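Residues per chain, in single letters:
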Amino acid sequence: MKKIFVVLSCAVLAVAVYYGLVKFVFVPKVVEDMNSLLPNKAVCYFYATDLKHKKERILESEFVKKLKSFPALKAAVTDKLSKINHNIDAVSDYFDNESALAVYSFGDMALNNRRSADFEIGKFAFVSRVGLDEKIKKALSDRLLKFSGDISTKARDYKGFNVVSYTARAEKSYRLAPINVYTVFLGDCFFFSNDRLLTLKAIDLFKAQSSDSLKSNAAFIKANQKYPRTKGTFLWLYFDQSEYYNSIVSQTAKGYLDEGNLSPENAIDFREMSKLFKRFEKLSYLTVADFRVDKSDNEIKLRVFQFVEPKNNHFILDNAVYGSGIAELFQLLPEDVVSCYAVSFDYPNLHSAMDKYFDSYLETIGKDNALYPIASGKIDQLKSRLQQAEKMLGIDFRKELLPLLGDTQAFAFLGLEEVPLPAENISFLPISSYPLPGLALLLEAKDYSSAAKISFLIENRIVPLIKKSIESRQGFSDSIKVTIDSDDSVPLGNEGGEAKPELVKIVSDSYNNIEIKTVIAEKIPVGLNYALLGKRIIFSSSLPELKRLIDRNEKKEKLSLKDKLAGDKIKDIEEVFAFSYFNLQELVSQLTQTEIFATAKPMLPMFSRGSVTADQLDALIDILSDISIITQKSKANELGVESLMSVTVEGL
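This is a predicted model, so every value here is computed, not measured.

Conventions we followed
- Residues numbered from 1 in each chain as written.
- Predicted model: local features only at pLDDT ≥ 70, side-chain atom pairs only at ≥ 80, totals over all residues.
- Heavy atoms only, no water.
- Salt bridge = Lys/Arg side-chain N within 4 Å of Asp/Glu carboxyl O.
- Helix = DSSP H or I, 4+ residues; strand = E, 2+ residues; numbered from the N terminus.
- Buried < 20%, exposed > 50% of the residue type's maximum accessible area, 1.4 Å probe, protein only.
- Pairing = 2+ DSSP bridges.
- Patch = residues over 30% accessible without salt bridge, like charges linked within 9 Å, V, L, I, M, F, W, Y side chains within 5 Å.
- Areas by Shrake-Rupley, 256 points an atom, 1.4 Å probe, with all protein chains shown as cover.
- pLDDT = per-residue confidence, 0-100.
- Contact = heavy atoms within 4.5 Å.
- Core = buried A, V, L, I, M, F, W, Y, C linked by side-chain atoms within 4.5 Å.
- Expected span 1.5 Å × (residues − 1).
- Axes fitted to C-alpha atoms, helices over the stretch in contact; angles between N-to-C directions.
- Parallel < 35°, antiparallel > 145°, perpendicular 65-115°, else oblique.
- Left-handed = near helix turned anticlockwise from the far one by under 90°.
- Nonpolar A, V, L, I, M, F, W, Y, C, P; charged D, E, K, R; others polar.
- Phe/Tyr/Trp six-rings, centres within 6.5 Å; stacked < 30°, edge-to-face > 60°.
- Polar contact = N/O pair within 3.5 Å; in protein donor to acceptor, adjacent residues only side chain to side chain.

> So what exactly am I meant to see when it comes to the pattern of salt bridges here?
Oppositely charged side chains can form a pair if their charged atoms are brought close together. Overall, the coordinates contain 23 salt bridges when judged by the stated rule. Between Asp 188 and Arg 129 there is a salt bridge, with its nearest N and O atoms 3.0 Å apart. Of this pair, Asp 188 sits in the loop between β8 (179-186) and β9 (189-193) while Arg 129 sits in strand β5 (residues 124-129), placing them 59 residues apart in sequence. Judged by relative accessible area, Asp 188 falls into the buried class, the value being 7%. A salt bridge links Lys 301 to Glu 299; the shortest N-O distance between them is 3.6 Å. Taking relative accessible area as the criterion, Lys 301 reaches 22% and is therefore assigned partly exposed. A single salt-bridge network, built from bridges that share partners, covers Asp 572, Glu 575, Lys 633 and Lys 635.

This is the structure we're talking about:
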């Protein structure tokens, strides 16, 4: 009995050992972190998960269906894509889980034996989770073989792993050089690269015979800490400028050696370029981006963070201003504004900050670099143009204008205004008016007194010089007279002699107890209108739109742009130094209501010789009208600058 018990115990132990060996030796292991298979020093990296289902959800949206049915797009893109769609979808079925693409160098152009250009693809590696099922791996291999078409294959063993290489023929239409690719299954992951050494390195990483993977890269770790990769991410991007500069230097050196052309002159050029890249590497060294599609909010969202070297002076980090300025500005703008760009900056310090930035830029290049004289000359040229602008306007920006400015300035496209055609032109055209954009500059001063001083500079310095310039071109004398309210005048020269016609004048009007001044120039149908609203001077090419801004300032219009942007788009506005807004839907709506559009639409088939019909135009307008609001917010901190972009698309 005891003997039988011993035999049974040994049998159980043998079975346990067998299954343990199968599980821990023969069964492939699951890779915990897919990035541990990617060799280090990648220039850029793309990551996606659940890509197939995300793609299907987007393709099934009403907006994409409209795009696919649009005739011009269907003929140019959809029909061509349908020819290869079957194979692409069949392969993508196997990449439904995590996938990542790492690029280690970029392509280059080279002359072949026929002296025509071939494009050489840079080094890359692709890894994706496909699971442990051997049937799936076999099906994927067969599908890749069928998808690749006319290729030759070879299989080699490396440390117990079957590395299959493919040599694809060159693509004549794109002048691609022949491509060698290498594939291997590592645990539950599929690895694919056009570089043999990268493939062998991945095997070493999988076997823990090397630890130099992208997962251990300090910059990559920092990027993941800033924007962690999540399931909601459609595409995650990482770009290492340091490695990019290194790859360019390495590729250039290789090019010199391959061509046997490393002359003393080329060696000097190469040395100067290397020093330049090494210096610029210190300014900005890393970019990380997160792209996602949020169907619940009908939004496409992109977040980008640009890391900067904190030890180096950075123009934006040093001068960006945060606070309530942009929020107050958006409270002033009406809700149906087409677009607006607002930025809060330390404007009184702008001139010296620019000088400091230019000095830092030249210091980065270095006086010992051959490019220094060129860069220095460009900066001197820019400074010269600023001096010319000061001379033309008759003011000193540094001493007279910048000290008066507040933090937040903005430029806005308020909407389209129908302007009547001159009577002599109506008989020649089938329209009586044409649309002009209502533009506005919202200039913030430090206080009301500073705003009044800016207004004085405009009336007594800028306008007279503009008038003098116009009159000199028209052959008038230097005698200048600026009219204000058509009664008072400011003499600026010889008053004797015959009275000259006034080509430029300033007239005043009152609206809601606010004085509006208009600069009118002869033969120019639109004047420049401006008014003081507290510490802001509002300039506008449209008098009706300027009056609407006054109504908003007096809160006589109910809804503002801030109200329209309520929610995620504006919730952190106190933390941003720049904000841009564009409403494509509003622009399309206003444009299609103009007289010129209504007149031109029926004639479109005739002018396009039948290539564009009214129905096609309606379809395009319908598509564009679904893209409503595009916003971009910019923040900054000690690490760098962050931009958050959002596009609202109805039916997404």
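Here the narrative resumes.
> It is not clear to me how unusual backbone geometry should be interpreted in this structure. Could you clarify?
Most peptide bonds take the trans form, and the phi angle of most residues other than glycine is negative. Although it is not a glycine, Ala 208 sits at a positive phi angle of roughly 60°. Relative to the helices and strands, Ala 208 resides in the loop between α6 (196-206) and α7 (218-226). Residue Ala 208 is classed as exposed on the basis of its relative accessible area of 64%. Even without being a glycine, Asn 513 presents a positive backbone phi close to 65°. We classify Asn 513 as exposed; its relative accessible area is 79%.

> Explain the pairing of strand β2 (residues 99-103) here, please?
Looking down a regular strand, the side chains alternate between one sheet face and the other. Among the five residues that make up β2, four are buried, leaving the element largely enclosed by the rest of the structure. Here strand β1 (residues 44-48) runs beside β2; their pairing, made up of five bridges, is antiparallel. By the bridge assignment for β2, Tyr 47 is matched with Ala 100.

> Can you walk me through a nonpolar patch on the surface in this structure?
Together, Phe 411, Leu 439 and Leu 441 make up a nonpolar patch on the protein surface, roughly 240 Å² of accessible area in all. Here Phe 411 lies in strand β14 (residues 408-420). Owing to a relative accessible area of 45%, Phe 411 belongs among the partly exposed residues under this scheme.

> Please clarify how the confidence of the model for the protein chain should be interpreted in this entry.
Note: predicted coordinates in regions of low pLDDT should not be interpreted at a detailed level. Across the protein chain, the average pLDDT comes to 77, with 73% of residues at or above 70. When pLDDT is averaged over each helix and strand of the protein chain, the minimum, 41, is found for strand β17 (residues 488-491) and the maximum, 94, for α6. Low pLDDT, under 50, characterises residues 12-27; the stretch is placed with three contacts to residues that sit more than four places away or in other chains. Of the regions scoring below 50 in pLDDT, residues 476-496 engages in 46 contacts with residues more than four places distant in sequence or in other chains.

> Got a minute to help me understand the nonpolar core in this structure?
Soluble, globular proteins show a tendency: their nonpolar side chains are buried together. Formed by 35 residues in total, the largest nonpolar core has its most connected members in Leu 38, Tyr 45, Val 127, Leu 186, Phe 191, Trp 236 and Tyr 238. Of all the elements, α6 adds the most residues to this core, at four residues. Not counting the four nearest positions on each side in its chain, Tyr 238 is found in contact with Ala 42, Val 43, Cys 44, Tyr 45, Leu 214, Asn 217, Ala 219, Phe 220, Ala 223, Leu 286 and Thr 287. Judged by nonpolar contacts, the second largest core, of 32 residues, contains Phe 397, Leu 503, Ala 521 and Ile 537.

> How do you make sense of the pairing of β1 when you look at a structure like this?
When you tally the buried positions in β1, you get four out of five residues, the bulk of the element. Bridge analysis of β1 against strand β10 (residues 235-240) gives four bridges, and the strand direction is antiparallel. Directly across from Tyr 47, in β10, lies its bridge partner Trp 236.

> I'm lost on helix α22 (residues 614-625) in this one. Help?
Quick reminder: α-helices carry 3.6 residues per turn. Residues three or four places apart thus point the same way. For α22, which comprises 12 residues, the first-to-last C-alpha distance of 16 Å matches the rise-based estimate of 16 Å (1.5 Å per residue) to within 8%. Among all positions of α22, only Leu 617, Ile 621, Ile 623 and Ser 625 are buried. Packed against the buried residues of α22 are α3 (62-69), α19 (584-592), α20 (595-600), α21 (604-607) and β23 (627-636).

> What's the story with the packing of helix α12 (residues 350-365) against helix α13 (residues 372-393) in this structure? I'm lost.
When two helices pack together, their arrangement is given by the angle between the helix axes and by the axis-to-axis distance. For the pair α12 and α13, interaxial distance at closest approach is 9 Å and the crossing angle is 165°. With respect to each other, α12 and α13 are oriented roughly antiparallel. Along this stretch, α12 crosses α13, giving a crossing that reads as right-handed. Two secondary-structure elements touch here, α12 through Met 354, Asp 355, Phe 358, Tyr 361, Leu 362 and Ile 365 and α13 through Tyr 372, Ala 375, Ser 376, Ile 379, Leu 382, Lys 383 and Leu 386. Looking at the contact of α12 with α13, its residues break down into 10 nonpolar, one polar and two charged.

> Help me understand the packing of aromatic side chains in this model?
The geometry of an aromatic ring pair is captured by two quantities: the separation of the ring centres and the angle between the planes. What the rule picks out here adds up to 14 aromatic pairs. Aromatic pair Phe 161 and Phe 206: ring centres 5.6 Å apart, planes at 90°, arrangement edge-to-face. Taken together, the residues span a long stretch of sequence, with Phe 161 in strand β7 (residues 161-168) and Phe 206 in helix α6 at a distance of 45 residues. Assessed through its relative accessible area of 16%, Phe 161 is described here as buried. Among the aromatic residues, those joined into a ring-pair cluster are Tyr 45, Phe 220, Trp 236 and Tyr 238.

> What is the right way to look at α12 in this model?
Its 16 residues give α12 an end-to-end C-alpha distance of 22 Å, which sits within 8% of 22 Å, the value for a rise of 1.5 Å per residue. Within two residues after α12, Gly 366 carries a phi angle of roughly 90°, on the positive side.

> Sorry, what's going on with the side chain of Thr 631 here?
Relative to the elements of secondary structure, Thr 631 occurs in strand β23. Discounting residues that sit within four places of it in the chain, Thr 631 has contacts with Leu 565, Lys 569, Phe 579, Ser 580, Tyr 581, Leu 644, Met 645 and Ser 646.

> Honestly, the environment of Lys 633 in this entry has me stumped. Any pointers?
Its location among the elements puts Lys 633 in strand β23. For Lys 633, a relative accessible area of 6% translates into the label buried. When the C-alpha atoms of Lys 633 and Val 343 are compared, they prove to be 9.9 Å apart, with 290 residues separating the residues in sequence. Ignoring sequence-local partners within four residues, the contact set of Lys 633 consists of Asp 568, Lys 569, Ile 570, Asp 572, Val 576, Ala 578, Phe 579, Glu 642, Ser 643 and Leu 644. A polar side-chain atom of Lys 633 sits 2.7 Å from a polar atom in the side chain of Asp 572.

> Just checking my understanding: could you explain the packing of α19 against α22 for this structure?
Two numbers describe how α19 lies on α22: the axes approach to 8 Å, and their chain directions differ by 145°. Here Leu 584, Gln 585, Val 588 and Thr 592 of α19 come into contact with α22, specifically with Ile 621, Leu 624 and Ser 625. Residue composition of the contact of α19 with α22, by class: four nonpolar, three polar and no charged.

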